[in-house]
Amino acid sequence: MADYVNKQVIELKEVNEENQNRATRSVKAETHLSDRRLRLYRLAAGCLGVLCVLQVTLNISLRLAFYNSGNVTEERDQLQTSYNTLTEERDQLQTSYNILTEERDQQQTSYNTLTKERDQLKLIYNILTKKGEQLQTTYNTLTIERDQLQKERDDLMRKFSILKQTCPEGWQKFESSWYFLSTVKKPWRESRQDCLERGADLVIANSDKEQEFLFSFNKRAWIGLTDSVTEGTWKWVDGTPLTTPSYWYLQQPDNGGDNPANRKEDCVELNTETWRPVKAWNDLSCLLNRYWICEKRV
Ligand SMILES: [Ca+2]
Ligand SMILES: [Ca+2]
C-alpha cells in the first residue's frame, strides 16, 4: 500500500515537472504572447495539477476502502462462523435442556405415583393391623368360651356317667357321691376303718345341701372330721383343714367343756337334737359308739 502511494506521488511529481517544462518551453517559444494568455496557461496548468492531486487522493482512498472492506469481510465471516458455531451449540444445549426437563418431569411423575402407592399401602397396612388385633381379641374370647364349654361338657358327661351308674345295695346316691349309713354303732376309728374297707371314707360335708342331706338320716352318726392330731385344729379325713362352711351346734366344739366325765372330745357327730340341719355338729369322745356315714365320690 505504501509503495503504491509513493508510486502515485512520484507520478504526480513527474507530471508537475512535465507541466513545468512545457510551461518553460511555452514561455521560451512564445515570448511574444501576451501576458493574458500566459496567465491562462498557468491557470490551466494549476488546474491540471489540482486534478492530478485529486485523482491520486481518490485512488488512495479507494485502495484504503477496498483494503478495509476486505478486512471487514474476513472478520464478518469469522464472526458469522462463530455465530453459527454458537448457534449450533445453543441448539444442542437447548435440546439437552429439553431432554433433561422431560426426564425430570417423568421422574417427578414416577415419584408422585410411588408416593401415592406408598400412602395407600400404609393405609392398608394400618387397616390390616387393626383387623388383626380385632381378630386376636375375638380369638382370645372364643378360646376362653371354648374352654368354659369344654369344662361344662366334661362336668355334664361326668354327671351323666354317675346317673347311669347304679348304687350298690345299702348305699344312697346324692349329687356326685354315694352314701352308706351303718346299721350298728362303733367308735370313730373302727367306723372309719369300715368305710375304708368299703372303698370309701367317713363323709366330708362340703355344702349346705350335703349337710342337709346328711341330717336327713336322723342318726347320731360320725362324720370324717377330727382334731386328734392338734387340739383345736380340725381336719377332714382327706387332710384338708376345716374352713367355711362349718355347721357346729350351739357352744360347740367345747372339747368336753368343764365336766371331766366328758373326757377329751376330738371327733365329730351329727346332733339330732337340734332342728336346724346347718347347726348340727358336736365334738365328742372318739371312743364312744355311734352310727357312721361313709361317702364314696363317683
Ligand atoms: Ca377336741
Ligand atoms: Ca362337744
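Scroll up to find the structure this text is about.
Attention in this report is confined to the structure presented alongside it. Keep in mind the model is a prediction, meaning the values are calculated, not measured.

Quick notes on the overall build of the protein
Step number 1: Secondary structure assignment for the protein yields four helices and eight strands.
Step number 2: With 298 residues in all, the protein has 24% of them scored as buried.
Step number 3: Within the protein, contacts between residues separated by at least 24 positions form 68% of all contacts whose residues are at least 6 apart in sequence.
Step number 4: With an accessible surface of roughly 22000 Å², the protein has 55% of that area assigned to carbon and sulfur atoms.

Examining the coordination of the calcium ion (ligand 1)
Step number 1: For the calcium ion (ligand 1), the full set of protein donor atoms is Asp227 (OD), Asp227 (OD), Glu231 (OE), Glu231 (OE), Asn255 (OD1), Glu265 (O) and Asp266 (OD), and the range of their distances to it is 2.0 to 3.0 Å.
Step number 2: Taken in chain order, the donor set of the calcium ion (ligand 1) reads D-x3-E-x23-N-x9-E-D. Of the two residues, Glu231 sits in the loop between strand 4 (221-226) and strand 5 (235-236) while Asn255 sits in the loop between strand 5 and strand 6 (267-270), which places them 24 residues apart along the sequence.
Step number 3: On the basis of relative accessible area, Asn255 is assigned to the partly exposed category, the value being 27%.

Structural notes on the pairing of strand 1 (residues 171-174)
Step number 1: Bridge count between strand 1 and strand 2 (residues 177-181): four bridges; the pairing is antiparallel. Across the sheet, the residue bridging to Gln172 is Tyr179, located in strand 2.
Step number 2: Linking strand 1 back to strand 2 in an antiparallel pair, the connection comprises two residues, with Glu175 at a positive phi of about 50°.

A few points about the layout of surface pockets
Step number 1: Taken as a whole, the second largest pocket spans an internal volume of roughly 160 Å³.
Step number 2: Every residue lining the second largest pocket is listed: Trp188, Arg192, Thr226, Ser228, Val229, Thr230, Thr233, Lys235, Trp236, Val237 and Gly239.
Step number 3: Mapped onto the lining of the second largest pocket, the elements with two or more residues apiece are helix 3 (188-197) and strand 5.
Step number 4: Taken together, the residues of the lining of the second largest pocket break down into four nonpolar, five polar and two charged.

Description of the coordination of the calcium ion (ligand 2)
Step number 1: Every protein donor of the calcium ion (ligand 2) is accounted for by Gln252 (OE1), Asp254 (OD), Glu265 (OE), Asn282 (OD1), Asp283 (O) and Asp283 (OD), and the metal-donor separations fall at 2.0 to 2.5 Å.
Step number 2: One way to put it: the six donor atoms around the calcium ion (ligand 2) meet at angles of 68 to 146°, and that makes the site irregular.
Step number 3: Donor residues for the calcium ion (ligand 2) sit on one chain with the sequence pattern Q-x1-D-x10-E-x16-N-D. With a gap of 11 residues between them, Asp254 in the loop between strand 5 and strand 6 and Glu265 in the loop between strand 5 and strand 6 connect regions that are remote in the sequence.
Step number 4: In this structure Glu265 comes out as buried when scored by relative accessible area, which is 7%.

Things to note about the state of the cysteines
Step number 1: Evaluated as defined, the whole model comprises two disulfides.
Step number 2: Between the sulfur atoms of Cys267 and its disulfide partner Cys286 the distance amounts to 2.0 Å. In this structure the cystine formed by Cys267 and Cys286 twists about its S-S bond by roughly 95°; its chirality is therefore right-handed. On the criterion of sequence distance, the pair formed by Cys267 in strand 6 and Cys286 in the loop between strand 7 (281-284) and strand 8 (291-297) is long-range, its members being 19 residues apart. Comparing Cys267 with Cys286 shows no difference in burial state: the two are buried.

Considering the pairing of strand 2
Step number 1: Summarising burial for strand 2: five of the five residues are buried, a large majority.
Step number 2: Of the two faces of strand 2, the one holding Ser177, Tyr179 and Leu181 and the one holding Trp178 and Phe180 are both buried throughout.
Step number 3: Here five bridges tie strand 2 to strand 8, and the two strands are oriented antiparallel to one another. Note that in strand 8 the partner of Trp178 across the bridge is Lys296.

As for the packing of aromatic side chains
Step number 1: Per the counting criterion, the structure on display carries nine aromatic pairs.
Step number 2: Each ring, one from Phe174 and one from Phe213, has its centre 4.5 Å from the other, and the planes form 10°; the classification is stacked. Taken as a pair, Phe174 in strand 1 and Phe213 in helix 4 (residues 208-215) lie far apart in primary sequence, 39 residues in all. The burial state of Phe174 is the same as that of Phe213; both residues are buried.
Step number 3: Joined through ring pairs, the aromatic side chains of Trp234, Trp236, Tyr247, Trp248 and Trp281 make up one cluster.

What counts as what
Residues numbered from 1 in each chain as written. Chains lettered and ligands numbered in written order. Predicted model: local features only at pLDDT ≥ 70, side-chain atom pairs only at ≥ 80, totals over all residues. Heavy atoms only, no water. Helix = DSSP H or I, 4+ residues; strand = E, 2+ residues; numbered from the N terminus. Buried < 20%, exposed > 50% of the residue type's maximum accessible area, 1.4 Å probe, protein only. Contact = heavy atoms within 4.5 Å. Areas by Shrake-Rupley, 256 points an atom, 1.4 Å probe, with all protein chains shown as cover. Donors = N, O, S within 2.8 Å, 3.2 Å for Na, K, Ca; no water. Pairing = 2+ DSSP bridges. 1 Å grid on protein atoms, 1.4 Å probe; cavity = no way out; pocket = protein on both sides within 12 Å on 5 of 7 lines; lining within 4 Å. Points joined across faces, edges and corners; volume = space filled by probe spheres on them. Nonpolar A, V, L, I, M, F, W, Y, C, P; charged D, E, K, R; others polar. Tetrahedral: all angles 85-135°; square planar, octahedral: opposite > 155°, others 65-115°. Disulfide = S-S within 2.5 Å. Phe/Tyr/Trp six-rings, centres within 6.5 Å; stacked < 30°, edge-to-face > 60°.

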